[in-house]
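Survey of secondary and tertiary structure
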Amino acid sequence: MHNAASVSASLGSVGLLRLFGVSWPWSLVAGLGVYLGTKTWKYFYIAARTAKRDLNGLYVLLRVKVALWRYMRQGSNIPSIFAQTVKLHPNKPALIYEATGETWTFAQLDEVCNAVAHWARGQGWVSGDVVALFMESRPLQVALWLGLAKVGVEAALINFSLRCDPLLHCIGVSGSRAIVFGAELADAMMEVNSAINQSMVRFCTGDLSAERLASLGAHPLDPILATASRHPPSPCVPSKGMNDRLFYIYTSGTTGLPKAAIVVHSRYYRIAAFSYFAFRMRRDDVVYDCLPLYHSAGNIIGVGQCLIHGLTVVVKKKFSASRFWEDCTKYNCTVVQYIGEICRYLLSQPVRPSERGHKVRLAVGNGLRPSVWEAFTERFGVAQIGEFYGATECNCSIANMDGKVGACGFNSRILPNVYPIRLVRVDEDTMELVRDNRGLCVPCRPGEPGLLVGRINQQDPLRRFDGYANQDATNKKIAHNVFKKNDSAYLSGVEGKAGMAAIADTTGTFDCNSFLKNIQRALPSYARPVFLRISPHVDTTGTFKIQKTRLQREGYDPRLTTDQIYLLNTRAAQYEAVDEELYNAISEGRMSL
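Residues numbered from 1 in each chain as written. Predicted model: local features only at pLDDT ≥ 70, side-chain atom pairs only at ≥ 80, totals over all residues. Heavy atoms only, no water.

An unreviewed UniProt entry annotates the chain as Very long-chain fatty acid transport protein originating from Stegastes partitus. Under the heading Sequence similarities (unreviewed entry), UniProt records this for the chain: "Belongs to the ATP-dependent AMP-binding enzyme family." (UniProt positions renumbered as here; feature names shortened; annotations may be inferred.)

What follows is the structure, given as structure tokens:
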């Protein structure tokens, strides 16, 4: 309101002076003076410092939005966009599998996708059916979900680290009619095989003996695909457009069981396209993708550059710090992907000639700490860091487009409504949204921590929130009356690495070793508590809510509590008591978590 009044007063003074015959230059100077009299210099300072960045962001936003609008008008989807890419360069390498050295051209990838589509049709699956994929990263995983998408079947991309109950949950929550698993995960399948619905068809890719296949009730998939037709399948009925479901990607499951996030065709495109344009990738780039293909970073930000923009992508089965730069040199990679810990692992490696003999100019990822950021770019000679923030399902992703060290993105101060996201205040004790006297959320001041929210508009492919397979989980991520009355917004929340588990041991019989064995069997490594706090009881509020704020404030400092605190030593595979010496070693960075 204050800004509008300032502008009105300024324009009014210009018009009045012109009415009295004052020249344009002097009228404009006077109008500017009136504006400055009602507006602080801070706005102009911010505008001058951020205009280039914000206009570049606006350009990227409009470019993606126009492309999406065009694809939606044409009735396109990801398979049809990929078909256009294949026509442009059928013989160019699309995917290179580092584990074997095999190269798939765009035409070959398309042919395997067609074989998958015909196999799916032969199984009687129709548009809207779901098939679970459970395997380590490989080019065939891309061909499977993309080939299924050609006939409207949706893949559920399951984390290959899951075991037992979380694995069963992920298979079941998607409503999958079948599962394709890699032979390397046969043991994990055997653990849950008897609990899987017997009507679910099982297929195995890779080398597995006839006896193991029979014990799992699985069919070998590779020979079936080898003999299937390579010709394009007929269009699926009903056809799928950009706002229809493509596949499911699961949340990490560090705050509960994983949730199956719905990825529609437009979401896949916009995530890949934003990365491409925001970080100025080129069509002759070669991307080194060492992240798992069951998640959006590896499968959309990485592989998406191949399918949509025609880049060559090197698929790494599993990340290896010792082989990272050798691989980049061998395959002439110019773009690499990371998560924050990967960069730290690389820095801990001994110096090698290959770490400066590569052609990598851009590293794209998230979670890079400022101290690691500068050390990484200086040691390895990587010119550009493409840091971003965003969950698979969110509508408030942000990106660092100007290379500011430590930043994961920005929110325009001069064009705030072009991309309506906001940091809002939350109550630290209850983690509930703080509201003003109108019932609306309270924006954070600069430098103040808060919760990132994004306004929802289901008619806009950049603002829509498609949620999860479970409607209750979807509803928990939506808040109302956020920016204005009767609106709705996505809540970014607390998905991430597991930290500390506070356990009430009223009998004094808690056994760390048996606890560790149980969570090793049931949880992937990233979801296991790094710290344990063993208390005789857990403090609650007057309304019987756990007092998490005090626990968060005290952290793992043994001087602030009489409770016993333990740290998970992954190398020794045991929890160790945290004393003052160990606490200081962690705090000073002499011991990494």
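With that settled, the discussion passes to the packing of aromatic side chains. Aromatic rings in a pair are described by how distant their centres are and how their planes are angled relative to each other. Applying the stated criterion to the full structure yields 22 aromatic pairs. Ring centres 6.2 Å apart and planes at 65° place the aromatic pair F319 and F324 in the edge-to-face group. Under the relative-accessibility criterion, F319 is labelled partly exposed at 26%. When the ring centre of Y468 is taken as origin, the NZ or CZ atom of K259, which lies over that ring, is 5.4 Å away. Directly above the ring of F483 sits R455, whose terminal nitrogen or CZ lies 4.6 Å from the centroid. (Phe/Tyr/Trp six-rings, centres within 6.5 Å; stacked < 30°, edge-to-face > 60°. Buried < 20%, exposed > 50% of the residue type's maximum accessible area, 1.4 Å probe, protein only. Lys NZ or Arg CZ within 6 Å of the ring centre and 35° of its normal.)

It is worth spelling out the sheet that holds strand β7 (residues 218-220) at this point. Here 7 strands make up an open sheet; going across it, the order is β7-β6-β5-β3-β4-β8-β9 and the pairing mixed. The sheet is open, and its two borders are formed by β7 and β9 (260-264), each paired with just one other strand. Taken over all neighbouring pairs, the strand axes of this sheet differ in orientation by 25° on average, direction set aside. Both strand β3 (residues 130-134) and strand β4 (residues 154-157) contribute to a ladder of 4 bridges, which runs parallel. Bridging from a neighbouring strand, A132 pairs with A156 of β4. (Pairing = 2+ DSSP bridges. Helix = DSSP H or I, 4+ residues; strand = E, 2+ residues; numbered from the N terminus. Axes fitted to C-alpha atoms, helices over the stretch in contact; angles between N-to-C directions.)

Glancing now at the environment of F410. Mapping F410 onto the fold places it in the loop between β15 (398-399) and β16 (421-424). Taking the C-alpha atoms as reference points, F410 and I398, separated by 12 residues in sequence, lie 6.3 Å from one another. Those residues within four positions of F410 in sequence are excluded, and the remaining contacts are R53, D54, G57, I398, A399, M401 and I421. (Contact = heavy atoms within 4.5 Å.)

Domain assignment breaks the chain into domain 1 (1-62), domain 2 (63-419), domain 3 (420-494) and domain 4 (500-588). Contacts between the two partners involve 32 residues from domain 2, matched on the other side by 23 residues from domain 3. Each partner contributes to the roughly 2,200 Å² buried at the junction of domain 2 and domain 3, and carbon and sulfur atoms together form 61% of this total. Considering only the side of domain 2, the residues that lose the most area to domain 3 are E393, N395 and Y419, jointly responsible for 25% of the buried surface there. Where domain 2 meets domain 3, there are 2 salt bridges. The salt bridge partner of K65 is D460, with a shortest N-O separation of 3.1 Å. Taken together, domain 2 and domain 3 are joined by 11 residue pairs in polar contact (both at pLDDT 80 or more). For the side of domain 2 that touches domain 3, the secondary-structure elements that each account for two or more residues are α3 (41-74), β9 and α11 (265-278). Among the residues forming the side of domain 2 that touches domain 3, the class breakdown is 19 nonpolar, 7 polar and 6 charged. (Domains from an automatic or database assignment. Buried area = accessible area lost by both parts, 1.4 Å probe. Salt bridge = Lys/Arg side-chain N within 4 Å of Asp/Glu carboxyl O. Polar contact = N/O pair within 3.5 Å; in protein donor to acceptor, adjacent residues only side chain to side chain. Nonpolar A, V, L, I, M, F, W, Y, C, P; charged D, E, K, R; others polar.)

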